[in-house]
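Spelled out from the first residue to the last, the chains are:
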Amino acid sequence: MKKARIKKGCAAALLLPVLAITGLLIMAGCANRVPHLPVPPGITKRTDKLTLQGSEVPVDIYLPQKADKAPVVIVAHGFTRNRRVMAGWGILLAQNGMIAAVPDLPAFADHGRNARAIGDLITLLYEPGRPGQAAPTGDVALIGHSAGGFATLLAAGREKRARCWVGLDPVDFMGHGLAAVKKLKVPALMLLAESGAWNRHANALAWLRAPGAPLTALRVRGSTHCDPENPTSRMAELACGRTDAARRAVYERHALAFLRRHLLGEPAAVPAEMAEGDSEVAVISAAEDIE
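An account of the accompanying structure is given in this report. This one's a predicted model, so the numbers in the text were calculated from it and none came from an experiment.

All right, on to the nonpolar core then. Counting 46 residues, the largest nonpolar core has Ile74, Ile118, Leu142, Trp165, Met190 and Trp207 as the members making the most contacts within it. With 7 residues, the top contributor of residues to this core is helix α3 (residues 111–125). Discounting chain neighbours no more than four positions away, the residues touching Ile118 are Ile74, Ala76, Leu105, Leu142, Ala151, Thr152 and Ala155. Of all hydrophobic cores here, the second largest spans 35 residues; its members include Val34, Leu92, Ala100 and Val220.

So this is what it looks like as structure tokens:
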């Protein structure tokens, strides 16, 4: 009897940590859950399984229903994230007459491979019969958040169809972004959050040091690193700070004006001119110190 009680006690002692870890994993999973955004009228969304750099990944494609032809915008998520956190951008772009393609990037931390995957995706979107009722024009824009901003920057320098690039609080890795900016031939816009650990203390500011680069940088005042995500998760907010719909709208307003200017030919003001009348952003110069 005594041995039986000892065995039960040992089993219980072993089980408690397992239950505790399981509970923490469940709570973490719930906290990292990304809400679903309904697709509004006037937009068609579908999910294709496409092979990018040897991996089959889902790609959400958002199409404007009333357009016969439309430019293409590739939207890339950040590190450890997925296409669902950029769904709001897909909806916004389709509402403004663009075809948005939002993939799950195939590589965890191989940003060069993700850049090549973006190139693969552009090629696939121009296959006959794809993406759907709105045929793509020859114009492409690339937009990415965090590490996705870095990957899209690398891709923008290689893609002949690319007309512009937008980085949503992008992050540099090993100085390769500066080298990519030096080769960039298309207009580029960075929208930066406040300096912090998650944007590596705004290390993308170093890209402004590239002489003659067609790059404008704006800081969204008071912004956290995850403000560009739409929707985001509670876990991301616990790590990066609370997001704010008003600050996200600032990212959307400036990115959209930039894209409409360079993809749709609208006579929108250049980013620096727009910023002059917007107290929620500040133009950043190359002389600004990186803390």
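The next point concerns the sheet that holds strand β4 (residues 99–103). In spatial order, the strands read β1-β2-β4-β3-β5-β6-β7-β8-β9; together these 9 strands make up an open sheet with mixed pairing. At either end of the open sheet lies a strand with only one pairing partner, and these are β1 (43–52) and β9 (281–284). Direction aside, the axes of adjacent strands within the sheet are offset by 25° on average. Summarising the sheet, strand β5 (residues 135–145) and strand β6 (residues 162–168) pair through 6 bridges and their orientation is parallel. Residue His145 lies in a different strand from β6, and its bridge partner there is Leu168. Contacts between helix α2 (residues 87–95) and the sheet are confined to β1, β2 (55–64), β3 (69–76), β4, β5 and β6, with β2 contributing the most and set at about 35° to the helix. Along the sheet face, α3 touches β1, β2, β3, β4 and β5 and points at about 120° away from the line of β1.

Basis of the calculations
- Residues numbered from 1 in each chain as written.
- Predicted model: local features only at pLDDT ≥ 70, side-chain atom pairs only at ≥ 80, totals over all residues.
- Heavy atoms only, no water.
- Core = buried A, V, L, I, M, F, W, Y, C linked by side-chain atoms within 4.5 Å.
- Buried < 20%, exposed > 50% of the residue type's maximum accessible area, 1.4 Å probe, protein only.
- Helix = DSSP H or I, 4+ residues; strand = E, 2+ residues; numbered from the N terminus.
- Contact = heavy atoms within 4.5 Å.
- Pairing = 2+ DSSP bridges.
- Axes fitted to C-alpha atoms, helices over the stretch in contact; angles between N-to-C directions.

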